[in-house]
Amino acid sequence: MKGRDLLSIHDLTTEEVYKILDVAKDLKAKQKAGIEHHLLKGKTLGMIFQKSSTRTRLSFEVGMYQLGGSALFLSGHDLQIGRGEPIKDTARVMSRYLDGVMIRTFAHSDVEEFAKYADIPVINGLTDLLHPCQVLTDLLTIQEHKSEQLKGLKLAYIGDCNNMVHSLMYGCAKVGMHFVVATPKGCKPNADVLANAVEDAKKTGGSITVVNDIYEAAKDADVLYTDVWASMGQEEEHEERCKIFKDYQINSKLMEVAAKSAIVLHCLPAHRGEEISEEVLEKYQDVIFDEAENRLHVQKAIMALTMCE
Ligand code: CP
Ligand code: NVA
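Residues numbered from 1 in each chain as written. Chains lettered and ligands numbered in written order. Predicted model: local features only at pLDDT ≥ 70, side-chain atom pairs only at ≥ 80, totals over all residues. Heavy atoms only, no water.

*Asks:* Please provide a residue-by-residue account of the overall build of the protein chain, values included.
*Replies:* The number of helices and strands found in the protein chain is 12 helices and 9 strands. By the compact-globule yardstick of 19 Å for 309 residues, the protein chain fits well, its C-alpha radius of gyration being 19 Å. Projected onto its principal axes, the C-alpha coordinates of the protein chain cover approximately 55 × 45 × 35 Å. For the protein chain, buried positions account for 55% of its 309 residues. Taking contacts inside the protein chain between residues at least 6 apart in sequence as the whole, the part at least 24 apart equals 77%. Total accessible area on the protein chain is roughly 13300 Å²; 50% of this is exposed by carbon and sulfur atoms. Once the 36 positive and 46 negative side-chain charges of the protein chain are each reduced to a mean point, those two points are 3 Å apart. (Helix = DSSP H or I, 4+ residues; strand = E, 2+ residues; numbered from the N terminus. Rg over C-alpha atoms; globule rule 2.2 N^0.38 Å. Buried < 20%, exposed > 50% of the residue type's maximum accessible area, 1.4 Å probe, protein only. Contact = heavy atoms within 4.5 Å. Areas by Shrake-Rupley, 256 points an atom, 1.4 Å probe, with all protein chains shown as cover. Lys, Arg positive; Asp, Glu negative; His and termini not counted. Charge placed at Lys NZ, Arg CZ, Asp CG, Glu CD.)

*Asks:* Quick one: what's the story with the site of ligand 2, residue by residue and with numbers?
*Replies:* Surveying the vicinity of ligand 2 reveals the residues Leu126, His131, Asn162, Asn163, Asp227, Val228, Ser231, Met232 and Leu268. Note that a nitrogen atom of ligand 2 is positioned 3.4 Å from one of the side-chain N or O atoms of asparagine 162. A distance of 2.6 Å is found between a nitrogen atom of ligand 2 and a side-chain nitrogen or oxygen belonging to aspartate 227. In isolation ligand 2 exposes 270 Å². Once the protein is present, 94% of that is buried. A per-class count over the shell around ligand 2 returns 4 nonpolar, 4 polar and 1 charged. (Near = heavy atom within 4 Å. Polar contact = N/O pair within 3.5 Å; in protein donor to acceptor, adjacent residues only side chain to side chain. Nonpolar A, V, L, I, M, F, W, Y, C, P; charged D, E, K, R; others polar.)

*Asks:* Would you mind going over the pattern of salt bridges in detail, with residue names and values included?
*Replies:* Tallied over the full model, the rule gives 18 salt bridges. In this structure, glutamate 144 engages lysine 28 in a salt bridge whose closest nitrogen and oxygen atoms are separated by 2.9 Å. Of this pair, glutamate 144 sits in helix 5 (residues 132–145) while lysine 28 sits in helix 1 (residues 14–32), and the two are 116 residues apart along the sequence. A relative accessible area of 35% places glutamate 144 in the partly exposed class. (Salt bridge = Lys/Arg side-chain N within 4 Å of Asp/Glu carboxyl O.)

*Asks:* Could you give an account of the sheet that holds strand 7 (residues 207–211), naming the residues involved and the relevant values?
*Replies:* Read across the sheet, 5 strands follow the order 7-6-5-8-9 without closing on themselves; strand pairing throughout is parallel. The strands lining the two open edges of the sheet, one partner per strand, are strand 7 and strand 9 (263–266). Neighbouring strand axes in the sheet, compared pairwise and without regard to direction, differ in orientation by 20 degrees on average. Here 4 bridges tie strand 8 (residues 223–226) to strand 9, and the two strands are oriented parallel to one another. Among the inter-strand pairings, threonine 226 is bridged to a residue of strand 9, identified as histidine 266. Sheet contacts for helix 12 (residues 285–307): strand 8 and strand 9; angle to strand 9, the most-contacted strand, approximately 45 degrees. (Pairing = 2+ DSSP bridges. Axes fitted to C-alpha atoms, helices over the stretch in contact; angles between N-to-C directions.)

*Asks:* Outline helix 5, listing residues and values.
*Replies:* For helix 5, with 14 residues, the first-to-last C-alpha span of 20 Å sits near the 20 Å given by 1.5 Å per residue. Across the 14 residues that make up helix 5, a large majority, 12, are buried. Every buried residue of helix 5 is listed here: Pro132, Cys133, Gln134, Val135, Leu136, Thr137, Asp138, Leu139, Leu140, Thr141, Ile142 and Gln143. (Expected span 1.5 Å × (residues − 1).)

*Asks:* Talk me through the site of ligand 1; I want residue IDs and the actual numbers.
*Replies:* If you check the shell around ligand 1, you find Ser53, Thr54, Arg55, Thr56, Arg104, His131, Gln134, Cys267, Leu268 and Arg295 and nothing else. One nitrogen or oxygen atom from the side chain of histidine 131 is found 2.8 Å from an oxygen atom belonging to ligand 1. Summarising the interface, the protein chains cover 95% of the accessible area of ligand 1, which totals 250 Å² for the free molecule. Across the shell around ligand 1, the residue classes tally to 2 nonpolar, 5 polar and 3 charged.

*Asks:* Pulling in residues and values, what's your account of the state of the cysteines?
*Replies:* Disulfides are covalent bonds that link the sulfur atoms of two cysteine residues. One pass over the full model with this rule turns up 0 disulfides. Here cysteine 187 is not disulfide-linked; the sulfur of cysteine 161 is the nearest cysteine sulfur, at 3.9 Å. Left unpaired, cysteine 308 is separated from the closest cysteine sulfur, that of cysteine 133, by 17 Å. Among the residues examined, cysteine 308 registers a relative accessible area of 23% and is labelled partly exposed. (Disulfide = S-S within 2.5 Å.)

*Asks:* Describe the pairing of strand 8, listing the residues and the values that go with them.
*Replies:* A regular strand carries its side chains on alternate faces of the sheet. Burial of the side chains of strand 8 extends over both faces: Val223 and Tyr225 are buried on one face and Leu224 and Thr226 on the other. One ladder, built from 4 bridges, connects strand 5 (residues 154–158) with strand 8; its direction is parallel. Within strand 8, the residue paired with tyrosine 157 across the bridge is tyrosine 225.

*Asks:* Can you lay out the sheet that holds strand 2 (residues 70–75) for me, pointing to particular residues and giving the numbers?
*Replies:* Read from one edge of the open sheet, 4 strands run 2-1-3-4, paired in parallel fashion. Each edge of the sheet is formed by a strand with only one pairing partner; in this case those strands are strand 2 and strand 4 (122–124). Each strand of the sheet is rotated relative to its neighbour by a mean of 20 degrees, with strand direction disregarded. Packing against the sheet, helix 2 (residues 55–66) makes contact with strand 1 (44–49), strand 2, strand 3 (100–104) and strand 4, and its axis sits at approximately 175 degrees to strand 1.

Written as structure tokens, this is what we have:
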């Protein structure tokens, strides 16, 4: 994967997904054992943030440090890009200074344009459409808490058809999982993403299903997943969206229909009392905070695989 971008899980083969997970496990074991592994010594990652972040910023920055390199936090407000410098010029300039770039922004097409003009690896740290690093992390967490073999597991997502849903569709499809999203009538996933994921799932024996009933989705699920009802950029719609999604919550009642050994994942930040009840979040907090920790290990793997000499 040397020199490659990571914009979408759809661009990866199944083997590449498992390769990332395997390298992440190895790096995690080494870090826990206190073994230094300076695979990116002397390398610099630029991190462009046009939206807020806790986990993504910390995990990329710490990850780069642990790999022997350094990371630069670049706020969208401070860069000339915020004053209208074209993306293609910014990409070409940054390629002269940096060894890799992570971008968190609004339009997915902006990351694609940046990657087109950059000649260093570009990693998608979340767009309105996709959040691939989070979902690769989720797959590692499912391996750790459910089974190494992901194929055949059922993941039910409850709530808004947002960037998490799209990347979960791609991730589950690549590894042969059964993905079901329960979302209100009128709320639909991106049509292109859905079509691509259905095609990918056909090749791996997985499936992608969209329903309106949360109990239908959660029935016998091995993993229940949710995310905020109002994503970054939708703050002004929060009140209205709370009305639309009020019945789309993971709570103890819903957990009764899931598989007995089901786990709950949440990419965080969580809004207790909205997409997830306090009780369920606290009951599954060990898995959810392992999931947050795993961002570090998975992104170290992604950087090592794409940015290594
Ligand atoms: N899950 C996630 O991407 O968290 P941050 O928004 O804090 O980076
Ligand atoms: N859907 C959320 C994910 C945050 C990690 C958002 O885009 O705000």
